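Each chain, letter by letter, is given below.
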Amino acid sequence: MTHLPEELARAHRSVLLHDARQERRRRALSRRRRSDRQAAELARRAREAVVRDL
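This text gives an overview of the structure that appears in the document. Remember, predicted model here, so these are calculated numbers, not experimental data.

The rules we used
- Residues numbered from 1 in each chain as written.
- Predicted model: local features only at pLDDT ≥ 70, side-chain atom pairs only at ≥ 80, totals over all residues.
- Heavy atoms only, no water.
- Helix = DSSP H or I, 4+ residues; strand = E, 2+ residues; numbered from the N terminus.
- Rg over C-alpha atoms; globule rule 2.2 N^0.38 Å.
- Buried < 20%, exposed > 50% of the residue type's maximum accessible area, 1.4 Å probe, protein only.
- Areas by Shrake-Rupley, 256 points an atom, 1.4 Å probe, with all protein chains shown as cover.
- Lys, Arg positive; Asp, Glu negative; His and termini not counted.
- Charge placed at Lys NZ, Arg CZ, Asp CG, Glu CD.
- Salt bridge = Lys/Arg side-chain N within 4 Å of Asp/Glu carboxyl O.

### Remarks on the overall build of the protein chain
Here is step 1 of the chain: Within the protein chain, the regular secondary structure consists of one helix and zero strands.
Here is step 2 of the chain: In terms of overall dimensions, the protein chain is more spread out than a globule: its C-alpha atoms have a radius of gyration of 23 Å, far above the 10 Å expected for 54 residues.
Here is step 3 of the chain: A principal-axis box enclosing the C-alpha atoms of the protein chain has dimensions of 80 × 10 × 5 Å.
Here is step 4 of the chain: Among the 54 residues that make up the protein chain, the fraction classed as buried is 0%.
Here is step 5 of the chain: Working note: accessible area of the protein chain is about 5,300 Å², and carbon and sulfur atoms make up 58% of it.
Here is step 6 of the chain: Of the side chains in the protein chain, 16 bear a positive and 8 a negative charge, and the two mean positions are spaced by 2 Å.

This is the structure in structure tokens:
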């Protein structure tokens, strides 16, 4: 019974690490998605400009 707090602490640490990792991945994904969206928007504007010029 004396080692229980240590196991709890270890489990808590691993959960925190996992959460931090998930959060980092989620942020990286949203950043990538945002740049993809900007690229798509730029491509669309470029296409519209070409259509206007024709």
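We are not done yet, so read on.
### Notes on the pattern of salt bridges
Here is step 1 of the chain: In this structure the tally under the stated criterion is six salt bridges.
Here is step 2 of the chain: Several salt bridges converge on common partners, so that one network encompasses Glu 41, Arg 44, Arg 45 and Glu 48.

### Overview of the environment of Val 50
Here is step 1 of the chain: Tracing the chain through its elements places Val 50 in helix 1 (residues 4–53).
Here is step 2 of the chain: Here the alpha-carbon distance between Val 50 and Ser 14, two residues 36 residues apart in the chain, equals 54 Å.

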